[in-house]
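# Structural description and commentary
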Amino acid sequence: MNSAFAKTTTYAWAVVALLWPVAMLNYLDRQMVATIRAAMRADIPSIANDQQFGVLMAVFMWVYALLSPVGGFMADKFNRRWIVIGSLFVWSAMTWLTGHATTYAEIKVYRALMGISEACYIPAALALIADFHTGGTRARAVGIHQTGIYAGLVLGGIGGYIAQVSTWRNCFTWFGAAGVCYAVVLMLALRDAPSASGKTRSALSPVTLGGTVRALWTQPAFWILVVYFTLPAIAGWAVKNWLPTFLADTFKLKAGPAGLSATGYIQLASFAGALAGGAMADYWMRRTPRGRIYASAIGTLLCVPALLGLGYAWGIGAAIVFMLLFGLGWGIFDCNNMPMLCQIARPEHRATGYGFMNMVSIGVGSGATVVLGWMRDQGISFSVAFLIMAGVALVSAVLILFLKPRSDCELPES
């Protein structure tokens, strides 16, 4: 190993460390909206019912879904670094404005604009990590980054407590200001990944929209990965958006404990699952190119009994056990999606590919979020939804086994 390569390898882990707080902030605001539902509705009477509140959460997801391929293509075509930094500035502004909204219509606008920021961040960030981690550390690097997401979801769970001791508006104002400060840090420290020859990825591989779309959508493996990415995410979005309400109603918890329980146990287990799943997948890849596929399938299978048990839990203790199991499985599933995409897509197509995956997954998940709000208004038990989602997760775990990795998806290093 020469000194230049050693330096690049060291900075590759620094990139993961730099992006970790951004991932945390991106997901923190999503969970805060779910956990401070009661405080927001009390302060803004124009949020008339739970179906409307479901729309409030879903409008962000609709914009996020629609623009994810656009954000991904921009990261492939231009500069991943500036896409990440710009997305954080937009996130900070929209978060701060949400804390100053006075009507339901205003919040809907800010949540929709927030979708622009996050549609750009995730595809660019994961593709940037994959650019730096080209060998046997990719799943671990992605897994560590994803733990930032889980940390953000846990911190979002304290929104209910902040709303009780202060105001729900301070949740958004304080974190919006923090985002602006950290964007300046990224401007100074974050850079794009060069090849061994010193050229950037975009300089080596001209990117066109038509070429990218053809390269992705003409191969059956990408269709399989999109469907696989989407089906378990239905449960993922349902858990993120409605589990605090489900726990509060089922076990008579207040907003603070319900929000912290819904986020804390699952995200702590997801944290462990992402680390373990990344290590397991990278280790398994030394023996078979399907190692990440097998590891991801195991994670998805763990979600099946977890969802069944959570829907029909007989007490809060049992619910905690099933939340931990779901989080463990989700972490293993989540940390292997970009690494599996790297096995079927060239580097210049990966951010766009992940954007398309997000578009389909979030589009379906947003619909499920609204449907669950409608079910609640109609008095239909969420247990029925958990049963359906368990069956969907089982189907997806079988489906991913049909994915066939390619051997021509890495750029040459010179």
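Predicted, not measured: the structure shown is a model, and the values here were computed from it.

### Brief notes about the packing of helix α10 (residues 209-217) against helix α16 (residues 350-378)
What describes two packed helices is the angle between their axes and the distance between those same axes. In contact at an axis separation of 10 Å, α10 and α16 are set at 65° when each is read in the N-to-C sense. Crossing handedness for the pair α10 and α16: right-handed. Along the contact surface, α10 presents T212, V213, L216 and W217, while α16 presents T352, G353 and F356. For the contact of α10 with α16, a count of residues per class yields 4 nonpolar, 3 polar and no charged.

### Thoughts on the side chain of T230
Mapped onto the secondary structure, T230 falls in helix α11 (residues 220-251). Taking the relative accessible area as the measure of exposure, T230 reaches 5% and is therefore buried. A distance of 2.8 Å separates a polar side-chain atom of T230 from the backbone oxygen of V226. Contacts of T230, omitting those with residues within four sequence positions, involve M357, V360, S361 and V364.

### Some thoughts on the nonpolar core
By size, the foremost hydrophobic cluster in this structure holds 124 residues, and its most contacted members are L19, L186, L190, L243, F326 and L341. Among the elements that line this core, the one with the most residues is α11, at 18 residues. In this structure L19 touches V84, Y121, A125, L128, I129, H145 and L190, once residues within four positions along its chain are discounted.

### Some remarks on the packing of aromatic side chains
Aromatic rings in a pair are described by how distant their centres are and how their planes are angled relative to each other. Evaluation of the coordinates by the stated rule reveals 11 aromatic pairs. Both rings, one in W217 and one in F222, keep their centres 4.8 Å apart while their planes meet at 85°; by these two values the pair is edge-to-face. Note on F222: relative accessible area 0%, which makes it buried. Taking 6.2 Å as the distance between ring centres and 90° as the angle between the ring planes, the aromatic pair formed by W314 and F322 counts as edge-to-face. Here F322 falls in the buried class, since its relative accessible area comes to 17%. Here R81 stacks its cationic end above the ring of W82, 4.5 Å away from the centre of that ring. Between R191 and the ring centre of Y11, over which it is positioned, the NZ or CZ distance is 3.7 Å.

### As for the environment of P405
Relative to the assigned elements, P405 resides in the segment after α17 (382-399). Distance from P405 to Q343, taken between C-alpha atoms, is 5.2 Å for residues 62 residues apart in sequence. Those residues in contact with P405 that lie beyond four places of it in its chain are P289, R290, I293, Q343 and I344.

So, how was this worked out
- Residues numbered from 1 in each chain as written.
- Predicted model: local features only at pLDDT ≥ 70, side-chain atom pairs only at ≥ 80, totals over all residues.
- Heavy atoms only, no water.
- Axes fitted to C-alpha atoms, helices over the stretch in contact; angles between N-to-C directions.
- Helix = DSSP H or I, 4+ residues; strand = E, 2+ residues; numbered from the N terminus.
- Left-handed = near helix turned anticlockwise from the far one by under 90°.
- Contact = heavy atoms within 4.5 Å.
- Nonpolar A, V, L, I, M, F, W, Y, C, P; charged D, E, K, R; others polar.
- Buried < 20%, exposed > 50% of the residue type's maximum accessible area, 1.4 Å probe, protein only.
- Polar contact = N/O pair within 3.5 Å; in protein donor to acceptor, adjacent residues only side chain to side chain.
- Core = buried A, V, L, I, M, F, W, Y, C linked by side-chain atoms within 4.5 Å.
- Phe/Tyr/Trp six-rings, centres within 6.5 Å; stacked < 30°, edge-to-face > 60°.
- Lys NZ or Arg CZ within 6 Å of the ring centre and 35° of its normal.

That is the geometry; function is a separate question.
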